[in-house]
Amino acid sequence: MSNKPRIPYTQPSITELEVRYATDAAANGWGEHCYDYIHRFEAAFKAHLGVQYAIATSSCTGALHLGMAALGIGPGDEVILAGTN
């Protein structure tokens, strides 16, 4: 065992329901049908939070673009991110 300090983390809670959802999305959620899943998720998320609006994206890249646009980040601004090798 190493004497290096460890950073604790939690494991995801994945049940058979999540496995079924992921399997269905992987099998049927490609191309134009990915938006079917996004719209279903947005509706469920809005209901869960009790809010009027929620925005989901089909990728992290899209979410980052939306977040930066909402913050007014644009040409000439510096954004520092962790490495993603």
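For the structure, see preceding data.
Residues numbered from 1 in each chain as written. Predicted model: local features only at pLDDT ≥ 70, side-chain atom pairs only at ≥ 80, totals over all residues. Heavy atoms only, no water.

Draft legend 1. Highlighting the overall build of the chain. Scanning the chain from terminus to terminus reveals three helices and zero strands. Taken against the 2.2 N^0.38 rule, which gives 12 Å for 85 residues, the C-alpha radius of gyration of the chain at 18 Å runs more than 25% over that of a compact globule. For the chain, the spread of C-alpha atoms along the principal axes amounts to about 45 × 45 × 30 Å. Buried residues in the chain amount to 8% of all 85 residues. Approximately 8000 Å² of the chain is accessible, and the part contributed by carbon and sulfur atoms is 60%. If you average the places of the 5 positive and of the 8 negative side-chain charges in the chain, the two averages end up 12 Å apart. (Helix = DSSP H or I, 4+ residues; strand = E, 2+ residues; numbered from the N terminus. Rg over C-alpha atoms; globule rule 2.2 N^0.38 Å. Buried < 20%, exposed > 50% of the residue type's maximum accessible area, 1.4 Å probe, protein only. Areas by Shrake-Rupley, 256 points an atom, 1.4 Å probe, with all protein chains shown as cover. Lys, Arg positive; Asp, Glu negative; His and termini not counted. Charge placed at Lys NZ, Arg CZ, Asp CG, Glu CD.)

Draft legend 2. View of the side chain of Glu42. Take Glu42: it is sitting in helix α2 (residues 34–49). Aside from chain neighbours lying at most four places away, what touches Glu42 is Ala54, Ile55 and Ala56. (Contact = heavy atoms within 4.5 Å.)

Draft legend 3. Looking closely at the environment of Leu71. Here Leu71 shows up in the segment after α3 (60–70). The exposed category is assigned to Leu71, whose relative accessible area is 68%.

Draft legend 4. Examining the packing of aromatic side chains more closely. On inspection of all chains with the given rule, the structure shows one aromatic pair. Taken together, a centroid distance of 5.4 Å and an interplanar angle of 15° make the contact between Phe41 and Phe45 stacked. Within this pair, Phe41 and its partner Phe45 are both found in helix α2, separated by four residues, close to a single helical turn. According to the relative accessible area criterion, Phe41 is partly exposed, its value standing at 47%. The exposure class of Phe45 is partly exposed, given its relative accessible area of 37%. (Phe/Tyr/Trp six-rings, centres within 6.5 Å; stacked < 30°, edge-to-face > 60°.)

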